[in-house]
Amino acid sequence: MATKKYTVTLPEELAEEIRSEVGPGGFSAYVARAIERQREQDRLGELVAWLEDEHGPVTEAELAAAEAERREIDGIFAEREAAAEAQYPKAS
């Protein structure tokens, strides 16, 4: 992907905190990834708005069912992780 230099204004404390963590060479990449994540969030918001226009808002029952399913999936992954750890313990 082609790149182009832009000038942006950031709060100094935030910029210096990021720069100290990623180093001067990683700053632009860090900012680019942050902008990409924000764009993804914006697009998800647009999708949710479109879906709610088409199908109506999500009900409390649907939210509860989705949360229950998420917890179930988290449990499955936790069990798999525990089984893998038991089978292949990490070296200390």
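Just so it is clear, the structure is predicted and the values come from calculations on it, not from any experiment.

Caption draft 1: Expanded view of the overall build of the chain. In terms of regular secondary structure, the chain is built from three helices and zero strands. Reading the chain from its N end, one meets helices and strands in the order α-α-α. At 21 Å, the chain has a C-alpha radius of gyration far larger than the 12 Å of a compact globule built from 92 residues. With the C-alpha coordinates aligned to their principal axes, the bounding extent of the chain is approximately 55 × 45 × 30 Å.

Caption draft 2: Quick peek at a nonpolar patch on the surface. Together, Leu44, Leu47, Trp50 and Leu51 line one region of the surface with nonpolar side chains, adding up to about 380 Å² of accessible area. Tracing the backbone shows leucine 47 in helix α2 (residues 27-55). For leucine 47, a relative accessible area of 40% gives the class partly exposed.

Caption draft 3: Summary view of the environment of alanine 49. Along the chain, alanine 49 falls in helix α2. Separated by 14 residues in the primary sequence, alanine 49 and leucine 63 place their C-alpha atoms 16 Å from one another.

How each quantity is defined
Residues numbered from 1 in each chain as written. Predicted model: local features only at pLDDT ≥ 70, side-chain atom pairs only at ≥ 80, totals over all residues. Heavy atoms only, no water. Helix = DSSP H or I, 4+ residues; strand = E, 2+ residues; numbered from the N terminus. Rg over C-alpha atoms; globule rule 2.2 N^0.38 Å. Patch = residues over 30% accessible without salt bridge, like charges linked within 9 Å, V, L, I, M, F, W, Y side chains within 5 Å. Areas by Shrake-Rupley, 256 points an atom, 1.4 Å probe, with all protein chains shown as cover. Salt bridge = Lys/Arg side-chain N within 4 Å of Asp/Glu carboxyl O. Buried < 20%, exposed > 50% of the residue type's maximum accessible area, 1.4 Å probe, protein only.

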